[in-house]
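Breakdown of the fold
Residues per chain, in single letters:
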Amino acid sequence: MDAREFKQRFMPHYKLLYRVAYYLTGNAQDAEDLLQDMYLKLWQKRDDLKEETDTQAYLVTMMKNLFIDQRRHKHLDASEAIEAHASPPDERSLDHQIDARDEVRQVEGLIRKLSERDAKIIQMHLMEDRSYEEIENDTGLSQGNIRIIVMRAKKKLKQQFQNITKTWTN
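Keep in mind it's a predicted model, so treat the numbers as computed, not measured.

1. Section: the overall build of the protein chain
When helices and strands are counted, the protein chain shows eight helices and zero strands. Helices and strands appear in the protein chain in the N-to-C order α-α-α-α-α-α-α-α. The buried share of the protein chain, reckoned over its 170 residues, is 25%. Per element, the accessible surface of the protein chain, about 12,400 Å² overall, is 50% carbon and sulfur.

So, in structure tokens, the structure goes:
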């Protein structure tokens, strides 16, 4: 399936899917993220999809299942964090904490190397936990542009951090 067929088949359901995502998440930003994740997953599976008789029902079910999977994953992450804090620290966990602090300092240094605009946006999004809407209000950039900047900055930071960690281990 090419991009044109994909758009013809699935994009007419965008508004409905956004409403479903908003209902599930209760938040516009999370709804947009969920919808974006769903379309990405759908695109990745595009060649394996059969011609559904009720495309709309299939998409709504897919959205619901993706939401459940993401909630389950976040719940598991939270459970792991709770378990990690439940036991007293030992020498290995102290070493891990020191390593984690060093990694945070490295990432902060990498953020400072980004362009001023990108560094400001990534800091607002990741460190200050601000929504795209709040960043839009402060910067005047559209939420779409902000998402792209965040995505590219994260990718760049990840690559640079991996290069640093490779040098540590070599």
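2. So, the packing of aromatic side chains
Enumeration according to the criterion identifies five aromatic pairs in this entry. For the ring pair phenylalanine 6 and tyrosine 39, a centre distance of 6.4 Å and an interplane angle of 70° mean the geometry is edge-to-face. Taken together, the residues span a long stretch of sequence, with phenylalanine 6 in helix H1 (residues 3-10) and tyrosine 39 in helix H3 (residues 28-44) at a distance of 33 residues. The pair phenylalanine 6 / tyrosine 39 is uniform in exposure class, with both members buried. Every member of this aromatic cluster is reached through a ring pair, and the members are Phe6, Phe10, Tyr14, Tyr39 and Trp43. Between arginine 46 and the ring centre of tryptophan 43, over which it is positioned, the NZ or CZ distance is 3.7 Å.

3. Some points on the confidence of the model for the protein chain
Residues shown with low pLDDT carry predicted positions that ought not to be read at fine detail. Averaged over the protein chain, the pLDDT score is 79; the fraction of residues at 70 or greater is 79%. Highest mean pLDDT in the protein chain belongs to helix H7 (residues 132-139) (89); lowest belongs to helix H5 (residues 91-113) (70).

4. Some details on H1
When H1 is considered as a whole, its buried residues turn out to be Phe6, Arg9 and Phe10. The buried residues of H1 occupy an angular sector of 75° when projected down its axis, which confines them to one face. Across from the buried face of H1, at angles greater than 90 degrees, the exposed residues are Arg4, Lys7 and Gln8.

5. Looking at the packing of helix H6 (residues 116-127) against H7
Geometrically, a packed helix pair is captured by the angle between its two axes and the distance between the axes. Put simply, H6 and H7 touch, their axes get as near as 10 Å, and they point 145° apart. Our pair here, H6 against H7, has a crossing hand that is right-handed. The residues of H7 that touch H6, namely those facing Ile121, Met124 and His125, are Tyr132, Ile135, Asp138 and Thr139. Tallied by class, the residues present in the contact of H6 with H7 amount to four nonpolar, two polar and one charged.

6. Section: the pattern of salt bridges
Overall, the coordinates contain five salt bridges when judged by the stated rule. The shortest N-O distance in the salt bridge between arginine 147 and aspartate 33 comes to 2.5 Å. Taken together, the residues span a long stretch of sequence, with arginine 147 in helix H8 (residues 143-169) and aspartate 33 in helix H3 at a distance of 114 residues. Its relative accessible area of 14% is what places arginine 147 among the buried residues. With relative accessibility at 23%, the residue aspartate 33 sits in the partly exposed group. Across the salt bridge formed by arginine 130 and aspartate 138, the nearest N and O atoms sit 2.0 Å from each other.

7. Comments concerning the nonpolar core
Within the largest apolar cluster, 17 residues are counted, with the highest numbers of intra-cluster contacts made by Phe10, Leu17, Met38, Tyr39, Leu42 and Met63. At the level of elements, H1, helix H2 (14-25), H3 and helix H4 (55-86) are the ones that each hand at least two residues to this core. With residues near it in sequence (within four places) discarded, leucine 17 still touches Leu35, Met38, Tyr39, Leu59, Val60 and Met63. Formed by 15 residues, the second largest nonpolar core is a distinct cluster that contains Ile111, Leu114, Ala119 and Tyr132.

Conventions adopted
Residues numbered from 1 in each chain as written. Predicted model: local features only at pLDDT ≥ 70, side-chain atom pairs only at ≥ 80, totals over all residues. Heavy atoms only, no water. Helix = DSSP H or I, 4+ residues; strand = E, 2+ residues; numbered from the N terminus. Buried < 20%, exposed > 50% of the residue type's maximum accessible area, 1.4 Å probe, protein only. Areas by Shrake-Rupley, 256 points an atom, 1.4 Å probe, with all protein chains shown as cover. Phe/Tyr/Trp six-rings, centres within 6.5 Å; stacked < 30°, edge-to-face > 60°. Lys NZ or Arg CZ within 6 Å of the ring centre and 35° of its normal. pLDDT = per-residue confidence, 0-100. Arc of directions from axis to C-beta. Axes fitted to C-alpha atoms, helices over the stretch in contact; angles between N-to-C directions. Left-handed = near helix turned anticlockwise from the far one by under 90°. Contact = heavy atoms within 4.5 Å. Nonpolar A, V, L, I, M, F, W, Y, C, P; charged D, E, K, R; others polar. Salt bridge = Lys/Arg side-chain N within 4 Å of Asp/Glu carboxyl O. Core = buried A, V, L, I, M, F, W, Y, C linked by side-chain atoms within 4.5 Å.

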